[in-house]
Amino acid sequence: MSDHKEDDNKTGISRRGFLGATAAASVAGAGLAAGVLVGGKEAEARTKTNANGLKFHVDPGELDDYYGFWSGGHSGEVRILGVPSMRELMRIPVFNRDSATGWGQTNESKRILGDNPQDYMGAGDTHHVHASYTNGTYDGRYLFTNDKLNTRVARIRMDIMKTDKIITVPNVTSIHGLRLQKYPKSNYAFANGEMVIPQPNDGRDLENPENYWTMLSAIDVESMEVKWQVLVDGNLDNNDTDYQGKYVCSTCYNSARGVTLPEMMGPERDWAVVINLKAVEEAVAAGDFTTIGDCKVPVVDGRGAEQGGSKFTMYIPVPRSPHGLNTTPDGKYFIANGKLSPTVSIIEIAKVDDYFAGKLKDPRDAVIAEPELGLGPLHTTYDNRGNAYTSVFLDSQVVKWNIADALRAAKGEKVNYIRQKLDVHYQIGHIKATMAETKEPDGKWLVALCKFSKDRFLPVGPLHAENDQLIDISGDEMKLVHDGPTFPEPHDCIMVRRDSVRPARVWKRDDPYFAETVAMAKADGITLEQDNKVIRDGNQVRVYMTTIAPNFGLTDFKIKQGDEVTVVITNMDSIEDLHHGFALTNHGINFEIAPQATASVTFTANKPGVHWYYCSWFCHALHMEMSGRMLVEAA
Ligand code: K7E
Ligand code: CUA
């Protein structure tokens, strides 16, 4: 699978030749559109647009049209990119440790990391990032991401772009697919438990895979409580929601419930499983549920795939090992991507309504077409003109196809639903178009998230970057316009129109993010905005200080060896972008304090002597001099 074909047997054009042709056509097309070919300014402008006329170069000082939110994979973080420039704007530490911001070290971040961040050593694996919705489009409140590694779900506040809540999902192992309810607004985040385990997983039934199960979990977006779980057959992979607030649909592999690869590959068909939210909510409200072990979360039984499902579920047979599941922006179809089958399965949501209303008997009849696209279809995205774009991993291509034509072809009409196949470099996983997961797709840009970059960048050792390629989809023909190396491994991204994101410029002093630290100060009689004081309480010492560039409020403080020290810093600068840092030498401590924020850290002072602290975020001409001493008396 790491080999890419030099020749494409479908187009008969060599990959390099095809690329060359595309690039040449692009320049010629732009020249024609401009009417004349001249040097200087016009030549410069010509390089910034392509044949579709969509401007992809963002000039210095100009802003991007979209916020791109990228998962960071096994880096455990979320990244913000500007689109179309593909400039990385910020990283949001989530499950990882970050020494620039102090994430995983400050008391504020530890409260959010919760139960056992030390056990996990700052490791996580984010695959999917999705933003909250109101009425089917982004509302700028929250981002959610999954931790496949440690079975967690995190929420990020989009006003401050910081993680503000992390939960470990009970009763399941390994959260993979994650999506939010789209209508009327995101009340739930739906998290797919991927791997099957004994229920409860407490040491019994270890070698009895017939008793291994997994579940879909519904998480309340505001409280971050798991409201209910649905036991399912098979392993849950990816999911998506409809545009009416009725369903969540997941691809589901390993219907054989095997524990080895050959066992998992046994049956010809797996499923897309649809969960009926209303049916589950009614059962939970009526007390018609069970619980598992000590966990209080209501669990309903959605198994029964062989009979089509339970009253909560509908199992729609699709070719085995399906992967991505993507709702069309018109709300009509769920599209399940075949992975091992060269097809995608188009599921008509109106037929799902019929099934739960008792009007459709066989779930198979909800699949109204299975167009063949290429080898290894993984994920599908959409424009605003009825086209779908599917990533095909083995062929290393983006396949543009027309949904209406595919449905016509399924009815026997002679129509070619394939619009174009574009080579990408190489082995594409996720694929995403701007605003494609909302009812307002705009068909402008598409990003192909390629797993392999091979020869596309300067070699940097055996470990290669991945390649997120930017493609202009605004015209009839897709145009590759940019190669974007990324540190492994972004799986997925979303691209959100910039007007729906409204970030804060400086912190508000009453932000709940540091409210507990403010409460601690208050109990000590401290006014954080003005006091620079050391409070001793037995062997616990709390050091409160302000910062105003280029000064720490305390140029020294004295403590005893063995003291448990909490340093609390409040940045009284209110100028946008004027951060300070508190870096304590030989203690591994460093964190950021943005304008008007309070941040704190707690550690045991076990080294007698003089230890300098300094400001680690450039703030002033005298930034280097912004420092102080921690004086530690020997015990
Ligand atoms: Cu396809 Cu985890 Cu969304 Cu990777 S998943 S590609
Ligand atoms: Cu304060 Cu640098």
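Residues numbered from 1 in each chain as written. Chains lettered and ligands numbered in written order. Predicted model: local features only at pLDDT ≥ 70, side-chain atom pairs only at ≥ 80, totals over all residues. Heavy atoms only, no water.

1. What about the nonpolar core?
Right, so step 1: If you look at the biggest cluster of nonpolar residues, it comprises 92 residues, and the most contacted ones within it are Val153, Met545, Val567 and Phe582.
Right, so step 2: The residues that make up this core include at least three from each of domain 1 (180-370) and domain 2 (518-633).
Right, so step 3: Excluding residues that lie within four positions of it along the chain, Phe582 makes contacts with Met545, Phe552, Val567, Ile569, Ile589, Asn590, Phe591, Ile593, Tyr613, Tyr614 and Ser616.
Right, so step 4: Formed by 22 residues, the second largest nonpolar core is a distinct cluster that contains Trp228, Val232, Leu277 and Ala283. (Core = buried A, V, L, I, M, F, W, Y, C linked by side-chain atoms within 4.5 Å. Buried < 20%, exposed > 50% of the residue type's maximum accessible area, 1.4 Å probe, protein only. Domains from an automatic or database assignment. Contact = heavy atoms within 4.5 Å.)

2. With respect to the site of ligand 1
Right, so step 1: The full set of residues close to ligand 1 is His127, His128, His176, Asn238, His323, His379, Gly429, His430, Lys451 and His491.
Right, so step 2: By residue class, the composition of the shell around ligand 1 is no nonpolar, nine polar and one charged. (Near = heavy atom within 4 Å. Nonpolar A, V, L, I, M, F, W, Y, C, P; charged D, E, K, R; others polar.)

3. Some remarks on the environment of Trp612
Right, so step 1: Tracing the backbone shows Trp612 in strand E39 (residues 609-614).
Right, so step 2: When the C-alpha positions of Trp612 and Asp511 are compared, they lie 30 Å apart, and in sequence the two are 101 residues distant.
Right, so step 3: Sequence-distant contacts of Trp612, that is, excluding residues within four places in its chain, are made with Ala583, Leu584, Thr585, Ser627, Gly628 and Arg629. (Helix = DSSP H or I, 4+ residues; strand = E, 2+ residues; numbered from the N terminus.)

4. What to know about the sheet that holds strand E40 (residues 627-633)
Right, so step 1: One open sheet holds the five strands; their spatial order is E34-E40-E39-E36-E37, and the pairing between them is mixed. Lying at the two open borders of the sheet, with one neighbouring strand each, are strand E34 (556-560) and strand E37 (589-593). Between one strand and the next, the sheet's axes are offset by a mean angle of 20°, whatever the strand orientation. (Pairing = 2+ DSSP bridges. Axes fitted to C-alpha atoms, helices over the stretch in contact; angles between N-to-C directions.)

5. Regarding the confidence of the model for the protein chain
Right, so step 1: Per-residue confidence for the protein chain gives a mean pLDDT of 92; residues scoring 70 or more make up 91%.
Right, so step 2: Below pLDDT 50 for its whole length, residues 1-40 participates in 50 contacts with residues either more than four positions away or in separate chains.
Right, so step 3: Within the model, pLDDT remains below 50 along residues 42-46, and this stretch shows six contacts once partners closer than five positions in the same chain are excluded. (pLDDT = per-residue confidence, 0-100.)

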